[in-house]
2 protein chains.
Amino acid sequence: MYTAPRKHLSKDIFNSAIAAYAISAANELGVLGELQKYNCVDINDFANNNNLDVSSLKAIINVLCSFEICRPAEVDNCFYQGSVFEDIYNNQGFFLWLTRGYGELMQKLASITVKSNRINNYIPQDGRYIALASRQQGKLMVDTYFETALFEVSFNCVVDLGCGSGERLIELAKKCPQLKGIGIDISSKAVELAKSLVSEANCQDRITIFRDDMRNLQPKKEFFDVDTIFSFFSGHDMWPKENCVSILRNFRDIFPNANRFLLCDTYSSGLIPSSQIPIFTLGFETIHAVMGQHIPSLEEWMNLFPESKWRCVNQYYVEVPFCTIFDLRAE
Amino acid sequence: MYTAPRKHLSKDIFNSAIAAYAISAANELGVLGELQKYNCVDINDFANNNNLDVSSLKAIINVLCSFEICRPAEVDNCFYQGSVFEDIYNNQGFFLWLTRGYGELMQKLASITVKSNRINNYIPQDGRYIALASRQQGKLMVDTYFETALFEVSFNCVVDLGCGSGERLIELAKKCPQLKGIGIDISSKAVELAKSLVSEANCQDRITIFRDDMRNLQPKKEFFDVDTIFSFFSGHDMWPKENCVSILRNFRDIFPNANRFLLCDTYSSGLIPSSQIPIFTLGFETIHAVMGQHIPSLEEWMNLFPESKWRCVNQYYVEVPFCTIFDLRAE
């Protein structure tokens, strides 16, 4: 089949790249939130209230208008939600993840590809924005499905491996007044953020945050009562396979009373390259390939579980493409 | 007229942003050049010959394949030009300009919009990549039109205001064995690069490079013989209008024997925001708005010339959108 080449694709790609940056900026500045809440934003007021440079804000809004993410209102300097606002709003965290979390990596992609620059395997990334973006999309695309799964079995003490900002634990603690929780993260920035959010929520008696590497945990008396483990978007960090098997087996010793492990992660899509790949997937797979990190496929996960001392009894849908929650039970 | 909202625009924008980064990387690494030259690239050989990390290079190629910029050959690890290769190749400098020259600015767009972060009006930009990108697109989209214009009137001594890498002067010197040339640039990185390229080309007797601000030039004996001035993509730096008028008038004193000034610059498009804006324009206008720099329209330029002691006698087409060469003559 002959397909006529698309003319001026360069223009579409170029303008879209600018839109991606503008969406991230509008996300960070709270413009998208304001539009979602009131359907309308007065950019002079918004700039004044938030101490922003008006002409920069106008430039961002102008890009959003170009893509019908917002549109000019009848009144000067006021803008409504545009025809594609909802789609962009619901995916805004992915843009933050790409342009802020991994923006420097993508910008320096050529340099990072040169072997002599890969000293100590240094890969630039901003853990704070990755945690923020992950929490933002988690709220929109994962949390309700996760909670449905979680509440199917009773639990009293949970651990979140790779807890990021700790917000998931905090929200759960609010819903379950008896719950005790532990958060573990490898990033000291994330741990600092999580500790302060736990204090703010007045949960410090019920939620404890540790800085540690989930791949190399040692027993702790605090871990003894844990009955339920969960983990979001960190599972692939445990690979390659033999490492992952021994880490999962180790969890049985580290958390001797844990009977359930809800493991939520993105798996390799196996898709043939195409610009029609769903959002997030092309970015996730490209960045992990550059970092030299294997992303297991669904099949690879399924082949691994029988060796891990955990049995996969179910899988739950989430809205992030090529992502699932494995419901694992201690064997 | 009712237009149905485009579904999943978020995916298109997200994937395109990744494509923009990958095009820049493929440009920098010479992959696009290799594909242009041989229509085929073996990525294992290419990685070996250039000391590149193969899996990162594969990830970049994978993104290019997603957008049909290249496509897999019958042989493993070999790739041909894809259906849109030519369009992307001919515009590759714009991507370098955006993601490398202004990549940090775009990544930090939200922070830069916050007034308290705009101390000393610091705006991140990488002059080296801006010069490289500008030279790359200049060769493809400006040079032939410029030379046609230039050779309409005889010249013996030229000055390039904002000479960047100096390559335009060097190429001209090769074509005109009697030519003397002067290059002036405000960026010390550019001046350093230009001086070394002039030496490499063995033109140091005929081309002199000065670091200076074209907006504030002082007379020099070297300037006395200049009969022709030209300047590329720097004209808007002379604005606002009153400044520009006095700078242009000043050139008459600084270069007393210059009768002709070929001023090539991008002007404000005046376009209503739309994703169908031609390549470069949305980026150029957004970035200059964020930097607080006015981009004059064609009309504003035309209204200015009568006050400048330069008469505009002609305008030449170039392929960069909303860009022109003004042919100015000393009054």
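Caption draft 1: A look at the overall build of chain A. In terms of regular secondary structure, chain A is built from 15 helices and 10 strands. Whereas a compact globule of 331 residues would reach a radius of gyration of roughly 20 Å, chain A reaches 22 Å, a difference of no more than 12%. Referenced to the eigenvectors of the C-alpha coordinate spread, the extents of chain A come out at roughly 65 × 55 × 40 Å. Residues counted as buried form 54% of the 331 residues belonging to chain A. Summed over all atoms, the accessible surface of chain A reaches about 14,300 Å², with 48% contributed by carbon and sulfur.

Caption draft 2: Region of interest: the relation of the copies chain B and chain A. Expressed as a screw transformation, the operator carrying chain B onto chain A has a rotation angle of 180° and an axial translation of 0.0 Å, and the superposed copies differ by an RMSD of 0.0 Å. Here the two chains are linked by the operation of a two-fold rotation axis. Using C-alpha coordinates, one finds that chain B approaches the rotation axis most closely at A17(B), a distance of 2.1 Å. Mapped onto chain A, 100% of the interface residues of chain B again fall at the interface, so both copies present the same surface.

Caption draft 3: Fine view of the interface of chain B and chain A. Counting from both sides, the interface comprises 72 residues of chain B and, opposite them, 72 residues of chain A. Across the chain B to chain A interface the summed buried area is about 6,400 Å²; carbon plus sulfur atoms make up 64%. Looking only at chain B, the three residues that lose the most surface to chain A are F14(B), Y21(B) and Q107(B), adding up to 12% of its buried area. Counting the contacts that link chain B with chain A gives two salt bridges. One salt bridge in this structure joins R118(A) and D53(B), with 3.6 Å as the shortest N-O distance. Breaking the side of chain B that touches chain A down by element, the ones donating at least two residues are α1 (9–29), α4 (54–66), α5 (85–89), α6 (92–101), α7 (103–107), α8 (109–113) and α14 (281–290) of chain B. Here the side of chain B that touches chain A takes 18 residues from α1(B), the largest share from any one element. Considering only residue class, the side of chain B that touches chain A consists of 38 nonpolar, 22 polar and 12 charged.

Caption draft 4: Region of interest: the pairing of strand β5 (residues 180–185) of chain A. Residue and element names in this part refer to chain A. When you tally the buried positions in β5, you get five out of six residues, the bulk of the element. Running through helix α11 (residues 167–175), the crossover from strand β4 (residues 157–161) to the neighbouring parallel element β5 is right-handed. Taken together, β5, helix α12 (residues 188–200) and strand β6 (residues 207–211) constitute a β-α-β crossover, and its handedness is right-handed.

Caption draft 5: Structural view of the sheet that holds strand β2 (residues 70–72) of chain B. All names here are of chain B. The strand order across the open sheet formed by three strands is β1-β3-β2, and the pairing between neighbours is antiparallel. If you trace the sheet from one side to the other, it starts and ends with β1 (40–42) and β2, each paired once. Averaged over all neighbouring strand pairs, the angle between strand axes comes to 30°, with direction disregarded. Of the pairings in the sheet, the one linking β2 to strand β3 (residues 78–81) comprises three bridges and is antiparallel in character. The residue of β3 that forms the bridge with R71 is Y80. Lying on the sheet, helix α2 (residues 31–38) is in contact with β1, β2 and β3; it crosses β1 at an angle near 125°. On top of the sheet, helix α3 (residues 43–50) reaches β1 and β3; it is set at about 70° to β1, its chief contact.

Caption draft 6: Structural view of the packing of helix α1 (residues 9–29) of chain A against α6(B). Look at α1(A) against α6(B): their axes get within 11 Å of each other, and the N-to-C directions meet at 5°. Here α1(A) lies roughly parallel to α6(B), going by the angle between them. Here α1(A) contributes S10(A), I13(A), F14(A), A17(A), I18(A) and Y21(A) to the contact with α6(B), which in turn contributes F94(B), F95(B), W97(B), L98(B) and T99(B). Class assignment for the residues of the contact of α1(A) with α6(B) results in nine nonpolar, two polar and no charged.

Caption draft 7: Molecular detail of the sheet that holds strand β10 (residues 323–330) of chain A. All names here are of chain A. Judged by pairing direction, the sheet is mixed, and its seven strands sit side by side in the order β6-β5-β4-β7-β8-β10-β9 without closing on themselves. The outermost strands of the open sheet, each flanked by one partner alone, are β6 and β9 (310–317). With direction set aside, neighbouring strand axes in the sheet form an average angle of 20°. Bridging between β5 and β6 involves five bridges; their strand directions are parallel.

Parameters and conventions
Residues numbered from 1 in each chain as written. Chains lettered and ligands numbered in written order. Predicted model: local features only at pLDDT ≥ 70, side-chain atom pairs only at ≥ 80, totals over all residues. Heavy atoms only, no water. Helix = DSSP H or I, 4+ residues; strand = E, 2+ residues; numbered from the N terminus. Rg over C-alpha atoms; globule rule 2.2 N^0.38 Å. Buried < 20%, exposed > 50% of the residue type's maximum accessible area, 1.4 Å probe, protein only. Areas by Shrake-Rupley, 256 points an atom, 1.4 Å probe, with all protein chains shown as cover. Least-squares fit on C-alpha atoms with pLDDT ≥ 70 in both. Contact = heavy atoms within 4.5 Å. Buried area = accessible area lost by both parts, 1.4 Å probe. Salt bridge = Lys/Arg side-chain N within 4 Å of Asp/Glu carboxyl O. Nonpolar A, V, L, I, M, F, W, Y, C, P; charged D, E, K, R; others polar. Right-handed = clockwise from strand over helix to strand, strands pointing away. Pairing = 2+ DSSP bridges. Axes fitted to C-alpha atoms, helices over the stretch in contact; angles between N-to-C directions. Parallel < 35°, antiparallel > 145°, perpendicular 65-115°, else oblique.

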